[in-house]
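# Structural overview for review
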Amino acid sequence: MNAQPDLVERLRGTPLRLEERVAGLPLEQVRRRSGGSWSIADHAGHLSDLESLWSGRIEDFLGGVRTLRPADLENRATWAANHNARSLEDIVSEFRQLQRDFVAQLEPLSDAQLQLTAHHPRLEQPMTVVDLCFFVAEHDDHHLAAITSLRGGSALLGTSSAEIGPPTRRCCVPWV
Ligand code: NI
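Residues numbered from 1 in each chain as written. Predicted model: local features only at pLDDT ≥ 70, side-chain atom pairs only at ≥ 80, totals over all residues.

With that settled, consider the overall build of the chain. Of regular secondary structure, the chain possesses nine helices and two strands. In the chain, the succession of α and β elements from N to C terminus is α-α-α-α-α-α-α-β-β-α-α. Looking at the chain residue by residue over its 176 residues, the buried ones come to 32%. When contacts within the chain are restricted to residue pairs at least 6 apart in sequence, those whose partners lie at least 24 apart make up 75%. (Helix = DSSP H or I, 4+ residues; strand = E, 2+ residues; numbered from the N terminus. Buried ≥ 20, exposed ≤ 12 C-beta atoms within 10 Å, placed from the backbone. Contact = placed C-beta atoms within 7 Å.)

Structure (structure tokens):
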């Protein structure tokens, strides 16, 4: 990938940022759900839940489809996964592996492939591979910010967990 090294670098760094945000948190805090909203574990696990959508959409672009595969706007995969029952190490390490696979999928793409265009099923307008990568990075940031808020370090963020939750059935809509 030549045209967008900064964007790939941003994606490459997400697992490290996730790891940094959850390090040393007590399990009780990691798993706390309030008002039907997601826990830190849910947000972290959700990042992995969407990797198959992102990878699949790259395959869609390369396969020349007219319209990209749709997202599940209800986030059923994340609710069903019950990330609260998993260890945080498992959640982080799964995301590290899946994100590595996604970046490895992007790296060999030519400039021409990066500009492949397909129809976004929800936005009903065309987007390129680069646009998709930007959406993925923004979506990752959204959930990292939610985690930061839930762990209570939100002074710089300027948002409270009350503003972020309750999510989360449709919280990802801007990017999926
Ligand atoms: Ni999301």
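Turning next to the environment of V92. Take V92: it is sitting in helix α6 (residues 88–106). Taking the C-alpha atoms as reference points, V92 and A44, separated by 48 residues in sequence, lie 7.3 Å from one another.

Packed helices, taken two at a time, are described by the angle their axes make and the gap between the axes. Packing of helix α1 (residues 5–22) against α6 brings their axes to within 9 Å, and their N-to-C directions diverge by 175 degrees. When the interaxial angle is binned, α1 and α6 end up roughly antiparallel. Of the residues in α6, those in contact with V8, L11, R12, T14, P15, L18, E19 and V22 of α1 are L88, V92, F95, R96, Q99, F102, V103 and L106. Of the residues contributing to the contact of α1 with α6, the split by class is 11 nonpolar, two polar and three charged. (Axes fitted to C-alpha atoms, helices over the stretch in contact; angles between N-to-C directions. Parallel < 35°, antiparallel > 145°, perpendicular 65-115°, else oblique. Nonpolar A, V, L, I, M, F, W, Y, C, P; charged D, E, K, R; others polar.)

Turning our eyes to something else, we now look at the nonpolar core. Ranked by size, the top nonpolar core spans 31 residues in total, and within it L18, V22, I40, A44, V92, V129 and I147 carry the most contacts. Elements supplying a minimum of two residues to this core: α1, α3 (40–49), α4 (51–63), α6 and α8 (129–150). Considering each element in turn, this core owes the most residues, eight residues, to α8. The contact partners of V92, leaving out residues within four places of it in the chain, are P15, L18, E19, V22 and A44. (Core = buried A, V, L, I, M, F, W, Y, C linked by C-beta atoms within 7 Å.)

Turning to the pairing of strand β2 (residues 125–128), a few remarks are in order. The pairing of strand β1 (residues 117–120) with β2 spans four bridges and is antiparallel. Looking at the pairing, H119 lines up with P126 of β2. Connecting β1 to the next strand, β2, in antiparallel fashion are four residues, including E124 with a positive phi near 55 degrees. (Pairing = 2+ DSSP bridges.)

Another point: unusual backbone geometry. The phi torsion at N75 lies on the positive side, around 55 degrees, for a residue other than glycine. Topologically, N75 is positioned in the loop between α4 and α5 (76–81). One non-glycine residue with positive phi stands out, namely N82, at about 50 degrees. For N82, a count of 11 C-beta atoms within 10 Å translates into the label exposed.

Turning next to the packing of α1 against α8. Two elements in contact, α1 and α8, have axes whose closest approach is 10 Å; the angle formed by their N-to-C orientations is 15 degrees. Here α8 runs roughly parallel to α1, going by the angle between their axes. Once α1 is placed against α8, the crossing between them reads as left-handed. Here α1 contributes L7, R10, L11, T14, R17, L18, R21 and V22 to the contact with α8, which in turn contributes V130, C133, F134, V136, A137, D140, L144, I147 and T148. Here the residues of the contact of α1 with α8 are counted per class, giving 11 nonpolar, two polar and four charged. (Left-handed = near helix turned anticlockwise from the far one by under 90°.)

Across the 10 residues of α3, 10 count as buried, placing the element largely inside the fold. Every buried residue belonging to α3 is among I40, A41, D42, H43, A44, G45, H46, L47, S48 and D49, and all of these are buried. Looking at the packing, one finds that the buried side of α3 touches α1, α2 (27–30), α4, α5, α6 and α8.

That's the geometry; what it means functionally is another story.
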